[in-house]
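Inside the fold
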Amino acid sequence: MSRVYNFSAGPAVLPEEVLKEAAAEMLDYNGTGMSVMEMSHRSKAFEEIINSAEQDLRDLMNIPDNYKVLFMQGGASQQFAMIPMNFMKNRVADYIITGQWAKKAAKEAEKYGKVNRIASSEDQTFSYIPDCSDLPVSEDADYVYICENNTIYGTKFKELPNTKGKTLIADVSSCFLSEPVDVEKYGMIYGGVQKNIGPAGVVIAIIREDLITEDVLEGTPTMLTYKTHADAKSLYNTPPAYGIYICGKVFKWLKAQGGLAAIKEKNEKKAKVLYDFLDQSKMFKGTVVKKDRSLMNVPFVTGDADLDAKFVKEAKEAGLENLKGHRSVGGMRASIYNAMPYEGVVALVEFMKKFEEENA
Ligand SMILES: *Cc1c(COP(=O)(O)O)cnc(C)c1O
């Protein structure tokens, strides 16, 4: 067996310890004589799994008691519709457009009400985060929406926008659990887990209790109403049980790593190795304004599409996989999520040095 260094943006690398544990428990989970895939979601064993997953997440993020934690399906994209359906009481919302995911969310919300795009960085191919200290927040906005870490473009909000008292909703799919957060600054934090936490098929939403009501837009399906999932403790119907089990293992792994402050330090150390190299390289160039650089997704280019393609191909041959950039940016992108070891980033930089020498 040989594992590669997998720089995929998602689904992405998971901690090897977690995969090994899951493999060991595949045929017989904790003396039940069956796999977690095969057991009732109403069983005692699964109840234990989902309850401890929630508790471990609460511990990691220091989630206050007045926030609900929901495990749902449909990916992050399903939330693009659920958010307006559940929260657009005035049928007005403000969106900050920092990439494709925020753009898609805004477009979906437009089906339900008026969407004001109060800031955007599209003029520079989303290579920066706009100044959000004094935006024209709409007086009747039901919420202000951001995508906190832009997976495709490699930017991250280092400071949250000044929402002027409006509820902040953030898509954190690609920075989930990468550093400590102050949950109270948000009305809702959510993300698909396949970037930094677990297998595709699970989306986690952390929502302030008072926002979860029966007062949703007319015609909202039961399954798309947050209250359904909150009241049923994420067990209204069969949840993505195996995915939740893996997420739970990753939460325990993160706790064992020292929690989010410790993981942030590791992520900063990893990202620094790559950014420091990019800043002195004559061949490779980072595409993002320095102050807005993501710790998780690092896009870079050579400026020559043929050379980019050669790099991606030779990197793959060297065991460094999934480095091709998103089609809208071109070049390369290294996603260096929590589970990417430091050694993986060092191996990438060593390979880039060698490639630069050989192709100068
Ligand atoms: C990947 C991604 C999405 C889409 O996730 P799906 O689970 O495929 O719907 C949305 N937002 C961000 C920031 C992402 O990285």
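Everything numeric in this text was worked out from a predicted model, so none of it was measured.

1. A look at the sheet that holds strand S12 (residues 297–301)
Reading across from one edge, S11-S12-S14 is the order of the 3 strands in this open sheet, with antiparallel pairing throughout. In this open sheet, the two edge strands, each paired with only one partner strand, are strand S11 (285–286) and strand S14 (332–335). Across 4 bridges, the pairing between S12 and S14 is antiparallel. Bridge pairing in S14 places Val298 opposite Ala334. Its contacts with the sheet put helix H7 (residues 259–280) on S11, S12 and S14, and the angle it makes with S12 is roughly 20°.

2. Description of the UniProt feature "modified residue: N6-(pyridoxal phosphate)lysine" (unreviewed entry) in the protein
In the UniProt entry, the feature "modified residue: N6-(pyridoxal phosphate)lysine" (unreviewed entry) is given for Lys195. Tracing the backbone through its elements, the reader meets Lys195 in the loop between strand S9 (188–192) and strand S10 (203–208). Every residue in contact with Lys195, bar those within four places of it in the chain, is listed here: Ala9, Gly10, Ala12, Thr151, Ser173, Ser174 and Tyr337.

3. Here's the deal with the UniProt feature "binding site: L-glutamate" (unreviewed entry) in the protein
Feature annotation in UniProt places "binding site: L-glutamate" (unreviewed entry) on Arg42, given in this structure's numbering. Checked against the element boundaries, Arg42 lands in the loop between helix H1 (16–24) and helix H2 (44–61). Contact partners of Arg42, with chain neighbours within four places excluded, come to Leu235, Tyr236 and Asn237.

4. A look at the nonpolar core
Within the largest apolar cluster, 87 residues are counted, with the highest numbers of intra-cluster contacts made by Met61, Ile204, Ile206, Phe251, Phe284 and Phe311. Counting residues per element, this core draws most heavily on helix H6 (residues 241–256), which supplies 10 residues. Not counting chain neighbours up to four residues away, the residues in contact with Phe284 comprise Phe277, Leu278, Phe300, Val301, Thr302, Phe311, Met332, Met352, Phe355 and Glu356. Grouped together as the second largest cluster of nonpolar side chains are 35 residues, Leu70, Ala76, Ala109 and Phe126 included.

5. Quick look at the packing of H7 against helix H9 (residues 342–358)
Geometrically, a packed helix pair is captured by the angle between its two axes and the distance between the axes. Here H7 crosses H9 at 10°, and the two axes come no closer than 9 Å. With respect to H9, the element H7 is oriented roughly parallel. Facing Lys269, Lys270, Val273, Leu274, Phe277 and Leu278 of H7, the residues of H9 in contact are Tyr342, Val345, Val346, Leu348, Val349, Met352, Lys353 and Glu356. Classifying every residue of the contact of H7 with H9 by side-chain character gives 10 nonpolar, no polar and 4 charged.

6. Observations regarding the domain arrangement of the protein
We note that the domain assignment places domain 1 (16–254) and domain 2 (258–356) within the protein. Counting residues at the interface gives 26 residues for domain 1, matched by 25 residues for domain 2. Across the domain 1 to domain 2 interface the summed buried area is about 2,100 Å²; carbon plus sulfur atoms make up 56%. By the criterion of area lost to domain 2, the three top residues of domain 1 are Ile152, Gly154 and Leu254, representing 22% of everything that side buries. Between the two partners, domain 1 and domain 2, sit 0 salt bridges. Looking at the side of domain 1 that touches domain 2, the elements with two or more residues in it are H2, strand S7 (155–156) and H6. Residue classes in the side of domain 1 that touches domain 2 are distributed as 12 nonpolar, 10 polar and 4 charged.

What counts as what
- Residues numbered from 1 in each chain as written.
- Predicted model: local features only at pLDDT ≥ 70, side-chain atom pairs only at ≥ 80, totals over all residues.
- Heavy atoms only, no water.
- Pairing = 2+ DSSP bridges.
- Helix = DSSP H or I, 4+ residues; strand = E, 2+ residues; numbered from the N terminus.
- Contact = heavy atoms within 4.5 Å.
- Axes fitted to C-alpha atoms, helices over the stretch in contact; angles between N-to-C directions.
- UniProt positions renumbered as here; feature names shortened; annotations may be inferred.
- Core = buried A, V, L, I, M, F, W, Y, C linked by side-chain atoms within 4.5 Å.
- Buried < 20%, exposed > 50% of the residue type's maximum accessible area, 1.4 Å probe, protein only.
- Parallel < 35°, antiparallel > 145°, perpendicular 65-115°, else oblique.
- Nonpolar A, V, L, I, M, F, W, Y, C, P; charged D, E, K, R; others polar.
- Domains from an automatic or database assignment.
- Buried area = accessible area lost by both parts, 1.4 Å probe.
- Salt bridge = Lys/Arg side-chain N within 4 Å of Asp/Glu carboxyl O.

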